[in-house]
Amino acid sequence: QVQLVESGGGLVQAGGSLRLSCAASGSIFSILRMGWYRQTPGKPRELVAVITSGGSTNYADSVKGRFTISRDNAKNTVYLQMNNLKPEDTATYYCNLRRTTNPVWGTWNDYWGQGTQVTVSS
């Protein structure tokens, strides 16, 4: 019902920048929020940045001041601008969409993209 396609990953040197994109299609109504998670081998998946339907944003402490999440509602696309990248940012980045299933009960479903690899060399 919901499809998420990420792009923009790649290999960069420390201090460089990348811009990730996530295009959503399908049943993309009643969206609570969209965001980006990342995961490295042996570590749990962590939330990097999120933007709510009202436009509020939240970031992991490790990326505050360096990453910016934004959206283009007309294009159904969310972006993650990553500046001053560090080797510690190396991970697979996943786009996430959370959609309300029952507003009275407060239930929701999460949808995920296929992931895009970001590698930062030292």
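Scope of this entry: the structure provided in the associated data block. As the structure is a computational prediction, the values presented were derived from the model and not from experiment.

**A short note on unusual backbone geometry**
Then step 1. Phi is positive for Ser 30, close to 55 degrees, though the residue is something other than glycine.
Then step 2. Relative to the elements of secondary structure, Ser 30 occurs in the loop between strand S3 (18–26) and strand S4 (31–39).
Then step 3. Its identity is not glycine, yet Asn 76 carries a phi of approximately 50 degrees, on the positive side.
Then step 4. Looking at the element boundaries, Asn 76 is found in the loop between strand S7 (67–72) and strand S8 (77–82).

**Notes on the pattern of salt bridges**
Then step 1. Under the defined criterion, the tally for this structure stands at five salt bridges.
Then step 2. Salt-bridge contacts for Asp 89 lead to Arg 66; the nearest nitrogen and oxygen are separated by 2.7 Å. Here Asp 89 is found in the loop between S8 and strand S9 (91–102), whereas its partner Arg 66 is found in the loop between strand S6 (57–59) and S7, with 23 residues between them in sequence. Each of the two residues, Asp 89 as well as Arg 66, counts as buried.
Then step 3. Among the charged side chains, a salt-bridge network with shared partners connects Arg 38, Glu 46, Arg 66 and Asp 89.

Cut-offs used in this document
- Residues numbered from 1 in each chain as written.
- Predicted model: local features only at pLDDT ≥ 70, side-chain atom pairs only at ≥ 80, totals over all residues.
- Heavy atoms only, no water.
- Helix = DSSP H or I, 4+ residues; strand = E, 2+ residues; numbered from the N terminus.
- Salt bridge = Lys/Arg side-chain N within 4 Å of Asp/Glu carboxyl O.
- Buried < 20%, exposed > 50% of the residue type's maximum accessible area, 1.4 Å probe, protein only.

Scope: geometric values only; no functional claims are made or implied.
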